[in-house]
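Summary of the model geometry
Below, each chain spelled out in residue letters.
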Amino acid sequence: MMPPIIYTAYRFRSICRLQRLQAHMMSSASAPEVLLEKVGRAGVITLNRPKALNALNLTMTRMLYPQLKEWETDEQTDIVIIKGAGGRAFCAGGDIIAVTEAGKSGDPLAQDFFREEYVLNNTIGMYKKPYIALIDGITMGGGVGLSVHGRFRVATEKTVFAMPETAIGLFPDVGGGYFLPRLQGKLGMFLALTGFRLKGRDVQRAGVASHFVESQKISALELDLVGLRSPSNEDVSKLLESYQTQSCLDAEKPFVLQPHLQDINRLFSAGSVEGILQNLNTDNSAFAKKQAETLARMSPTSLKITFRQLEQGAAMSLQDVLVMEYRLCQACMRGKDFYEGVRSVLIDKDHSPRWSPATLAEVSDHSVDQCFSPLGERDLRL
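What you see is a predicted model, and the numbers here were worked out from it, not measured in a lab. (Residues numbered from 1 in each chain as written. Predicted model: local features only at pLDDT ≥ 70, side-chain atom pairs only at ≥ 80, totals over all residues. Heavy atoms only, no water.)

**Digging into the confidence of the model for the chain**
Using the following cut-off: By definition, pLDDT measures how confident the predictor is in each residue, and it falls between 0 and 100. Contacts: residue pairs with any heavy atoms within 4.5 Å of one another.
On average, residues of the chain carry a pLDDT of 93, and 92% of them reach 70 or more. Across residues 23-28, confidence stays below pLDDT 50; counting only partners more than four residues off in sequence or on other chains, it has 6 contacts.

**Brief notes about the packing of aromatic side chains**
By convention here, two paired aromatic rings are described through the distance between centres and the angle between planes. For clarity, the cut-off: For this analysis, a ring pair means two rings from Phe, Tyr or Trp (six-membered ring only for Trp) whose centres lie within 6.5 Å, classed as stacked if their planes differ by under 30 degrees, edge-to-face if by over 60, and tilted for the remaining angles. Going along the chain from the N terminus, every DSSP run of H or I of four or more residues is numbered as a helix, and every run of E of two or more is numbered as a strand. Burial classes follow relative accessibility: with a 1.4 Å probe on protein chains only, a residue under 20% of its type's maximum area counts as buried, one over 50% as exposed, and anything between as partly exposed.
Per the stated rule, a full pass over the model turns up 9 aromatic pairs. A centroid spacing of 5.5 Å and a plane angle of 85° characterise the contact between Phe190 and Phe268, whose relative ring orientation is edge-to-face. Highlighted residues: Phe190 in helix α7 (residues 187-194) and Phe268 in the loop between α11 (261-267) and α12 (273-282), separated in sequence by 78 residues. An identical accessibility class is assigned to Phe190 and Phe268; each is buried.

**Focus: the environment of Val80**
Following the sequence through the fold, Val80 ends up in strand β3 (residues 79-84). Exposure remark for Val80: the relative accessible area of 0% places this residue in the buried category. Placed 295 residues apart in sequence, Val80 and Leu375 show a C-alpha to C-alpha distance of 34 Å. The residues contacting Val80, other than those within four sequence positions of it, are Gly43, Ile45, Leu68, Trp71, Tyr127, Pro130, Tyr131 and Ile132.

Structure, rendered in structure tokens:
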């Protein structure tokens, strides 16, 4: 235990360092896309593309990976904290438009981005020191990969979580095949196929976040995390739990999906996507009708890939899931639906994709099998 005077001085220095970091973020128009700072014995990562909602690109991945590896073995670094700049998003996903352009032109970015992103996801999942993701804001796609595999994921009332990839001809990657089937019942399959958005405290209730802390308390939490001396995972957990206990916002509101959990387990328990749709279409509830309408808008190929991804991923290690997902993403780069989905949702924004094949019946088992086929020398190595 540090004497009070020393602790106060240490905390004051930590506050000053954090304030300098924040001032640097605000003052420099050409600030780096990731800010890497040692504050006391904590490594602090700030995703710094606020205008792009901190979307992850290859440059950022190449800054994050070596720094995480260095801090993992650095005796002067006890914990790692990762957060997003700008107040709106932790990380809204990957830089999909850049990947789309690369895929169309045959640029190696379409391979390099996913390969290096998945290596980073695995590094986070295997990290030996406490890794705390402050997911205060939009957290989707690539942002989920930067947080969900870490030991501590702190949601706030501003958090919006989703894996909306089936709407753009992709699938819930970055290890989605690992963490989604490990959620309660068929909740993960529901989230994966429909892209349903969870908000605030519900992100923790679903099991995606480990803790919930009110957004206004995050700065104080960060200072207390930085002030921990040689903390164990248990020490970090106790501090997070103390902040969670003080966070009463929305505590009285039930989990938004609570009334539907039994329905989700029943309706999404089937041996195929077609089976799930049959369950939904023969059910008379408004909930089932809404989910059937949602699935009808998604890429049929993506739905079938995602279903098998989660079915297989439930019994696989994170490493094996990421190898599988790399094969899948490269199959998507070779196909048509990914480019059409990005055009429809992100570029033209007409939300009228023309999927090919257009129906589930036209997506053959053979074409799905091919998506899961090994890539030989081009397979992901972890």
